[in-house]
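Understanding the architecture of this molecule
One-letter residues, chain by chain:
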Amino acid sequence: MVKKLLLALCLFTPFVAAADSVESMLQEMAIIENNSALLAAARKDGEERASLCVHCHGEDGNAKRDYIPNLASQNASYLFTQFEHFASGARKNYVMSKLAGNLTKDDRINIALFFSRMDVKPRPQPVATNAGGEALYNSVCFVCHGKEGYGSQQYPRIAGQPYDYLKDTLMKFLNNDPERQNSPMMGVIRSMNEKQLDDVAAYVANLP
Ligand code: HEC
Ligand code: HEC
């Protein structure tokens, strides 16, 4: 359904992007996002394919365990580019790397559009024990992730991710872990220490 509608639309669109580059797939996703009929069809297809994901990320994209990230309300372009990173090996996780390699390009777009439109449901997280995390967030992190932690087309949403996932991920960045090779975050937090990352993780986990 999405393919047919998209094909029809592309006939009237002046550019033809090189097939299957990440940029061209993101352009294709943007075309779908700007057309309500295409978007509805993509979300429906994505919901069907998401049956592979719900065991861990939840039916509505709210993770079942605190070491697993929420996909609900995450920016679609970030979700999509992370599949590319898992598939190419730039980012590594046993399950995700296998899954990403087995999803078609259309699946990856449709699933990203499906989860990005679901709502994050807040659940209890460890609370910050001091104001250090908030101060650090408002002096450094907000520049890219936004004041509220919602990110943008270029940057991931981090508000409301589970504390365990945030802390674990920040420690991977701090330790230059090959599971998240070449992430720009490594440069950003190079001079921070574990205590600061712990405080900021608790602050971000409780952002609504
Ligand atoms: C067995 C559990 C499991 C299943 C099933 C699973 N995931 Fe994951 N997923 C994870 C874990 C754990 C991570 C975090 C990996 C890490 O720490 O880097 C993750 C990370 C991700 C990320 C990166 C999110 C971020 O915030 O960086 C995306 C996107 C994702 N999964 C999408 C999917 C999709 C789509 C499916 C179904 C096709 C799926 N996952 C199935 C466990 C799972
Ligand atoms: C210069 C821009 C920039 C700044 C400043 C920045 N980030 Fe990031 N952040 C990014 C980018 C880009 C990514 C996606 C990284 C990737 O794909 O590996 C990211 C990813 C993350 C992730 C992983 C998200 C996920 O779902 O896996 C966390 C957590 C995070 N940032 C927290 C922070 C915190 C906390 C701060 C402040 C101490 C911060 N960031 C400052 C650009 C930035």
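This paragraph deals with the coordination of the iron atom of ligand 1. The protein atoms that coordinate the iron atom of ligand 1 are His 57 (NE2) and Met 96 (SD), at distances of 2.0 to 2.2 Å. Coordination at the iron atom of ligand 1 is octahedral, judged from the six donor atoms that bind it and the angles of 85 to 178° they form at the metal. Placement of His 57 in helix H4 (residues 54-57) and of Met 96 in helix H6 (residues 94-102) is noted, with a sequence separation of 39 residues between them. Classification of Met 96 as buried rests on a relative accessible area of 18%.

What follows covers empty space enclosed by the protein. Within the structure shown, the criterion is met by one cavity of 30 Å³ or more. Along the walls of the largest cavity sit Asn 70, Ala 72, Ser 73, Gln 74, Val 120, Arg 157, Ala 159, Gly 160 and Gln 161, which together make up its complete lining. Each residue belonging to the lining of the largest cavity can be placed in one class, and the counts come to three nonpolar, five polar and one charged. Of the domains in this structure, domain 1 (2-116) and domain 2 (132-205) are the two that each give at least three residues to the lining of the largest cavity.

Take the coordination of the iron atom of ligand 2 next. Bound to the iron atom of ligand 2 are the protein donor atoms His 145 (NE2) and Met 185 (SD), situated 2.0 to 2.2 Å from the metal. Because the angles between the six donor atoms bound to the iron atom of ligand 2 fall within 85 to 179°, the donor set is best described as octahedral. Taken together, the positions of His 145 in helix H8 (residues 132-145) and Met 185 in helix H10 (residues 184-188) put the pair 40 residues apart, joining distant regions of the chain. Judged by relative accessible area, which is 9%, His 145 ranks as buried.

Quick notes on the rules
- Residues numbered from 1 in each chain as written.
- Chains lettered and ligands numbered in written order.
- Predicted model: local features only at pLDDT ≥ 70, side-chain atom pairs only at ≥ 80, totals over all residues.
- Heavy atoms only, no water.
- Donors = N, O, S within 2.8 Å, 3.2 Å for Na, K, Ca; no water.
- Tetrahedral: all angles 85-135°; square planar, octahedral: opposite > 155°, others 65-115°.
- Helix = DSSP H or I, 4+ residues; strand = E, 2+ residues; numbered from the N terminus.
- Buried < 20%, exposed > 50% of the residue type's maximum accessible area, 1.4 Å probe, protein only.
- 1 Å grid on protein atoms, 1.4 Å probe; cavity = no way out; pocket = protein on both sides within 12 Å on 5 of 7 lines; lining within 4 Å.
- Points joined across faces, edges and corners; volume = space filled by probe spheres on them.
- Nonpolar A, V, L, I, M, F, W, Y, C, P; charged D, E, K, R; others polar.
- Domains from an automatic or database assignment.

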